[in-house]
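Residue-level listing of the chains:
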Amino acid sequence: MSNRFQYPQNDWSEFLSHKLAEPQFERLCQFVPSAYSASTCYPNFPHIFEAFAQCSYEKTKVIVVGQDPYHGEGQANGLCFSVQDGIPHPPSLRNIFKELESDVLKVYPDSGDLSPWAKQGVLLLNAVLTVEDGKPGSHQNQGWESFTDAVIERISRQKTGMVFLLWGGYAQKKGRFIDRSKHVVLECGHPSPLSANRGYWFGNKHFSQVNNHLKKQGKDPIRW
């Protein structure tokens, strides 16, 4: 395995490569290849930046912030909350699809792959982009959080009219990097069963709200 990150071949590439070349991310750039060499980690190394590969900077209009990738074999595909096609849906994803059913009357999908959302301009960004097999949160505090802070800050500064979905406390910490005078921020509890079963997730109607905000700006709604 190469020790060099594989950046998407689109308008994110220059920003990602230049940002991670900064001295503050030297530790991260050493840690991640080392971790992948020493143990099984997810997503597969070439797909660490899959969220950016699937959703170009120019096309980005909605940003969903997750925590870190799924830590089970074959699950993570580089997009937050998304799993490979054919993989059983984890509990958080099931609750996302249940809210989708209720909110916009979409039939519960067979596939848990959210790539179709990404291709329409939904940046499915985990705060931490990698994880060790079976160890949730294992790659926290290595530099990913600062890196994704920089991504969100750049979007906030350079774009207008974005819709940010911050689900749960971990994602909501990113809210301090968003200029709410020029963007829409929708917040609620995390879709995990622990939060959802306490009444902090279901009924948020974020999917219909996103499309209402996009339509007001003359943008195409997301085909969830």
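To start, this report covers the structure provided alongside it. Predicted model only: the values in this text are computed from it and were never measured.

Reading the values: the criteria
- Residues numbered from 1 in each chain as written.
- Predicted model: local features only at pLDDT ≥ 70, side-chain atom pairs only at ≥ 80, totals over all residues.
- Heavy atoms only, no water.
- Helix = DSSP H or I, 4+ residues; strand = E, 2+ residues; numbered from the N terminus.
- Expected span 1.5 Å × (residues − 1).
- Contact = heavy atoms within 4.5 Å.
- Buried < 20%, exposed > 50% of the residue type's maximum accessible area, 1.4 Å probe, protein only.
- Pairing = 2+ DSSP bridges.
- Axes fitted to C-alpha atoms, helices over the stretch in contact; angles between N-to-C directions.
- Parallel < 35°, antiparallel > 145°, perpendicular 65-115°, else oblique.
- Left-handed = near helix turned anticlockwise from the far one by under 90°.
- Nonpolar A, V, L, I, M, F, W, Y, C, P; charged D, E, K, R; others polar.
- Salt bridge = Lys/Arg side-chain N within 4 Å of Asp/Glu carboxyl O.

1. A word on helix α2 (residues 26–38)
Since the α-helix advances by 3.6 residues per turn, residues separated by three or four positions end up pointing in the same direction.
Then comes step 1: Between its first and last C-alpha, α2 extends 19 Å over 13 residues, near the 18 Å set by a 1.5 Å rise per residue.
Then comes step 2: On the buried face of α2, the contacting elements are α1 (13–20), β1 (41–42) and α6 (144–158).

2. Concerning the environment of Trp 117
Then comes step 1: By the element assignment, Trp 117 lies in helix α5 (residues 115–119).
Then comes step 2: With 63 residues separating them along the chain, Trp 117 and Gln 54 place their C-alpha atoms 9.1 Å apart.
Then comes step 3: If sequence neighbours within four positions are ignored, Trp 117 has contacts with Ile 96, Phe 97, Leu 100, Val 122, Leu 124, Phe 207, Arg 223 and Trp 224.

3. Quick notes on unusual backbone geometry
Then comes step 1: The amide bond that connects Tyr 42 to the next residue, Pro 43, takes the cis arrangement and shows omega of -10°.
Then comes step 2: Here Pro 43 shows up in the loop between β1 and α3 (50–54).
Then comes step 3: Of note, the phi angle at Phe 81 is positive, near 70°, even though the residue is not glycine.
Then comes step 4: With respect to the element layout, Phe 81 can be found in the loop between β2 (62–66) and α4 (91–104).
Then comes step 5: Exposure remark for Phe 81: the relative accessible area of 9% places this residue in the buried category.
Then comes step 6: With a phi angle near 60°, Leu 105 is a residue other than glycine that sits in the positive phi range.
Then comes step 7: By the element assignment, Leu 105 lies in the loop between α4 and α5.

4. Some thoughts on the sheet that holds strand β5 (residues 163–167)
Across a sheet, strands are paired by hydrogen bonds formed along the backbone, either parallel or antiparallel in direction.
Then comes step 1: Strand order in the open sheet formed by 4 strands is β3-β2-β5-β6, and the pairing between neighbours is parallel. The open sheet terminates on both sides in strands that have one partner only, identified here as β3 (122–126) and β6 (184–188). Adjacent strand axes in the sheet meet at a mean angle of 20° when their direction is disregarded.
Then comes step 2: One ladder, built from 5 bridges, connects β5 with β6; its direction is parallel. When the bridges of β6 are listed, Val 163 appears paired with Val 184.

5. Let's talk about the packing of α1 against α6
Then comes step 1: For the pair α1 and α6, interaxial distance at closest approach is 11 Å and the crossing angle is 140°. Our classification of the angle between α1 and α6 gives oblique. Judged by the sense of rotation from one axis to the other, the crossing of α1 with α6 is right-handed. Along its contact with α1, which presents Phe 15, Leu 16, Lys 19 and Leu 20, the element α6 presents Phe 147, Ala 150, Val 151 and Arg 154.
Then comes step 2: Tallied by class, the residues present in the contact of α1 with α6 amount to 6 nonpolar, no polar and 2 charged.

6. Considerations on the pattern of salt bridges
Then comes step 1: Applying the stated criterion across every chain, the model contains 5 salt bridges.
Then comes step 2: Notably, a salt bridge pairs Lys 19 with Glu 22, separated by 3.2 Å at the nearest N-O pair.
Then comes step 3: For the salt bridge of Lys 174 with Asp 149, the shortest nitrogen-to-oxygen distance reads 2.6 Å. In this pair, Lys 174 is assigned in the loop between α7 (169–172) and β6 and Asp 149 in helix α6, connecting sequence segments 25 residues apart. You'll find Lys 174 and Asp 149 in the same group, each marked buried.

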